[in-house]
Each structure stands twice: as structure tokens, then as C-alpha cells.
Amino acid sequence: MEEVKQKKKVILSGIQPTGIFTLGNYIGAVKNWAPMQDEYNCAYMLADLHAITVRQDPKAFREQTMTCYALLLACGLDPEKSIIFIQSHVPAHAELGWILECYTQFGELSRMTQFKDKSAKHADNVNAGLFTYPSLMAADILLYQADLVPVGADQRQHLELTRDIATRFNGIYGNVFKIPEGFIPKAGAKIMSLAEPTKKMSKSDENPNACISILDKPEVIIKKFKRAVTDSEAEVCYRDGKDGINNLMTIYSTVTGKTFDEITAEFAGHGYGDFKLAVGEAVAEHLRPIREVFDRLMADKAYLESCYRKGAEMASRISARTMDKVKKKIGFVL
Ligand code: TYM
């Protein structure tokens, strides 16, 4: 039994605890994490070290991190099956992050679109951490010798850089790191804003109608979908240029399991109003159990704490093995 367990592939992924997860975070990433827990050895973390690349209010940040931890469990992550931890509880992340910065080129980091976007958005705080963020993300992944990294499409460039850093390091020192693969879902890897469907759905959007939070109340969810921007046609079908409808079809398909053809058939002869209402209702219904479990978990802080302490211990143990190897290879005195 133990031997079989050893052979399972390793999964690592993370999310920043900067607010309630959006429907984009959920469909592109978190929703896909729970079903992987039986087939793989999974480690999932709240990337709080990454979150401070943007200024956080200490009290709100601490509360949000607890909230996000409860949300991970409410979304089906099981501390009995997976390692579910908070990044800053495992110092090896910052340690390997620094080391890998010394194996990452300035030019590589300069090309990262997320750095360009975030530095434009936070022009008054273009800090060094924002710039070296991808080296820390590489450390997160490589510490656990992850085979697969389930993320949305916006993380693809960071994953490619992780592979480049690992390959470079292995090229110098031998086989230290497993070269990880991205695991990007075919549908839903990029959920778009409901207000501007050519833009990614994002927590930081100033327009409250652009983004669904997974704890939004059913009536709020339905109202936001009713207001979703579509086009001037009246045909529910997936086609180039129909960004709003394509986005709604993708969302409806991922929460109901229906194919695009089935959705088109279901709404043939109906206006967009009926379709938007159906998407809103399906999403609200899909998220209902998450909200319920979340409320229960938030009432039991002691349980949450026992879970993240246990997660940190397990993560520390695994990451220490990689750190030892790295330090030896580099030539640090141990
Ligand atoms: P973060 O916190 O921005 O997002 C968490 C996950 O949600 C996905 N995502 C989306 N997917 C589809 N549509 C959207 N509109 C959408 N918005 C966000 C992201 O792709 C991501 O998978 N750097 C990471 C966190 C991180 C990490 C890691 C991930 C730190 N270390 C190691 C994997 C492995 C981030 O900022 O994700």
C-alpha cells in the first residue's frame, strides 16, 4: 500500500489570500483541485508571501488568510488527504526563493506580463518582490518536486519560467529538481469579466458587477449575471467575437457539465435574458454548498488552526529534503 502511495504523482498549487476567491479563481483553479486528491499526492497553499508584493492592511490580511483557508476546505480540499498550508509557515519557500533569484536572469523577469501589468497598476510601489515574484513561485513548486501544477491560463508564463530555472539549475548541478508540467483546464482556464468580457475576471476590478465572488449571495449572483455584457445578436452559440456569450457558455458548461452543443440546443429560440438567468441560477446553486460549509468552518477557528499547523509540519518535512539537496549541491557548509 505504502509503495503504491509513493508512486503517486505530486501536485502543488497555490492562491493568494488577497480576498474572497472569484468565480475565475474557482473555475480556473480551485474547483479542479479537490478531484485530484485521490489520484495524486497534493499540496495546496495560500501564497501569503506573494500577496505582500502589493501593500496589505495587517488586520484585514490576517483575517482574509483565515477566511481563504476556510474557503479552500469548503471547496473540497481535505486535510486528511492533502497538505493544505500557509506559505509563510514554511520558511524554506523564502529561502529557496532567494537562492533561485540567483539563477534567474533580469531579462527573464522583465518579460513577465504579470509584472508589467501589476507595476502599471501599482505605479507607486514597484517593489523588488513584485519583480522577483516568479522566482519565489518557482521555489514553491520545486521544493515539493511537483509533477503537475494545476493553474489558470494567466500562470502559464510563470510556469514556463519555473521550468527554465529548474532546467538551468539541473544543468549546473545534476538532477536536483523535477521539471513540472502545467495542468491548465481545457475549459475555464480564463474566465472573463462580466462587464468587459475581453478582460480577465479579477478580484481587483473596480466595477462590482464585473466579478462574482464565490461567497456572493444567490440574489447578488443572479443580478450580476442578468447585467452581464453580451452582444447585439440573439443566438446562444460559441463563436469568435461573441466574447460575452462565450464566457457565459463556458461558465454554464463548467458548473452544469453540459457541452456547448447541448447549451445551444437548450436555448434555441430563447433570448439572452433567459440564458443569463439560467447561468446565474446554476452558478448560485453550484456555490450554495460551499457557502454553507464555509459558514460552519468559520465558526470553528480551533479546527482551522489545527489543520494549518498540521499542513505546515508536513510541508516543512517534505521541503527540507529538497533544501538539503540544494544546499549540498551549491556548496554551502552544512
Ligand atoms: P492567483 O491568486 O492570482 O490566482 C489563483 C488561481 O486562479 C487562477 N485564476 C483564474 N483562472 C481562470 N480565470 C480567471 N479569471 C482567473 N483568475 C485567476 C490563476 O491562474 C491561479 O491558478 N502566482 C499565483 C499563486 C501561486 C502559485 C504558486 C500557483 C504562488 N505560488 C505555485 C501555483 C504554483 C497567483 O497569483 O494566483
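A. A look at the overall build of the chain. Helix and strand content of the chain: 14 helices and five strands. Projected onto the principal axes, the alpha-carbon positions of the chain cover approximately 70 × 45 × 40 Å. For the chain, the residues scored as buried account for 50% of the 334 residues in total. Roughly 16000 Å² of accessible area belongs to the chain as shown, and the carbon and sulfur atoms make up 53% of that amount.

B. Representation of the site of the ligand. Surrounding the ligand, one finds 27 residues, the nearest of these being Gln16, Tyr133, Asp140, Asp154 and Ile191. Measuring from an oxygen atom of the ligand, one finds a side-chain N or O atom of Tyr133 at 2.7 Å. Summarising the interface, the protein chains cover 96% of the accessible area of the ligand, which totals 720 Å² for the free molecule. Of all the secondary-structure elements, those providing two or more residues to the shell around the ligand are β1 (10–15), α2 (23–33) and α8 (128–143). Of the residues belonging to the shell around the ligand, the class tally is 13 nonpolar, ten polar and four charged.

C. Looking closely at the domain arrangement of the chain. Split into domains, the chain comes out as domain 1 (10–189 + 301–330) and domain 2 (218–294). A straight line from the C-alpha centre of domain 1 to that of domain 2 covers 31 Å. Each partner contributes to the interface: domain 1 provides eleven residues, whereas domain 2 provides ten residues. A combined buried area of about 900 Å² lies between domain 1 and domain 2, and 82% of that area is made up of carbon and sulfur atoms. Taken together, the connections running from domain 1 to domain 2 amount to zero salt bridges. Between domain 1 and domain 2 we count two residue pairs in polar contact (both at pLDDT 80 or more) in total. When contributions to the side of domain 1 that touches domain 2 are tallied by element, the ones reaching two or more residues are α2 and α4 (58–74). Tallied by class, the residues present in the side of domain 1 that touches domain 2 amount to eight nonpolar, two polar and one charged.

D. Representation of the pattern of salt bridges within the structure. This structure, assessed with the given rule, holds 18 salt bridges. The partner of Lys242 in a salt bridge is Asp231, with the nearest N and O atoms 3.3 Å apart. Here the residue Lys242 occupies a position in the loop between α10 (218–226) and α11 (243–256), and Asp231 occupies one in the loop between α10 and α11, the gap between them amounting to eleven residues. Linked through salt bridges whose partners overlap, the residues forming this network are Asp231, Glu233, Glu235, Arg239 and Lys242.

E. Region of the structure containing helix α14 (residues 301–330). For α14, with 30 residues, the first-to-last C-alpha span of 41 Å sits near the 44 Å given by 1.5 Å per residue. Burial in α14 covers these residues: Leu304, Cys307, Tyr308, Gly311, Ala312, Ala315, Ser319, Thr322, Met323 and Val326. Close packing links the buried residues of α14 with α4, β3 (83–86), α5 (92–101), α8, α9 (156–173) and α13 (272–298). Phi turns positive, to about 105°, at Gly331, one or two residues after α14.

F. Broad picture of the side chain of Thr322. Locating Thr322 in the fold gives a position in helix α14. Since its relative accessible area comes to 4%, Thr322 is described here as buried. One polar contact links the side chain of Thr322 to the main-chain carbonyl oxygen of Leu143, over a distance of 2.7 Å. Once residues within four sequence positions are removed from consideration, Thr322 is found in contact with Leu142, Leu143, Gln145 and Phe177.

G. Structural detail: the nonpolar core. Core analysis: the biggest nonpolar cluster contains 61 residues, and Leu23, Phe225 and Phe275 have the highest contact counts within it. The biggest single contributor to this core is α13, with eleven residues. Two domains each donate at least three residues to this core, and these are domain 1 (10–189 + 301–330) and domain 2 (218–294). Leave out the neighbours within four places in its chain, and Leu23 touches Ile191, Met201, Ile212, Ile214, Phe225, Ile251, Val283 and Leu287. Leu96, Met137, Ala138 and Leu161 belong to the second largest nonpolar core, which has 39 residues in total.

About the thresholds
Residues numbered from 1 in each chain as written. Predicted model: local features only at pLDDT ≥ 70, side-chain atom pairs only at ≥ 80, totals over all residues. Heavy atoms only, no water. Helix = DSSP H or I, 4+ residues; strand = E, 2+ residues; numbered from the N terminus. Buried < 20%, exposed > 50% of the residue type's maximum accessible area, 1.4 Å probe, protein only. Areas by Shrake-Rupley, 256 points an atom, 1.4 Å probe, with all protein chains shown as cover. Near = heavy atom within 4 Å. Polar contact = N/O pair within 3.5 Å; in protein donor to acceptor, adjacent residues only side chain to side chain. Nonpolar A, V, L, I, M, F, W, Y, C, P; charged D, E, K, R; others polar. Domains from an automatic or database assignment. Contact = heavy atoms within 4.5 Å. Buried area = accessible area lost by both parts, 1.4 Å probe. Salt bridge = Lys/Arg side-chain N within 4 Å of Asp/Glu carboxyl O. Expected span 1.5 Å × (residues − 1). Core = buried A, V, L, I, M, F, W, Y, C linked by side-chain atoms within 4.5 Å.

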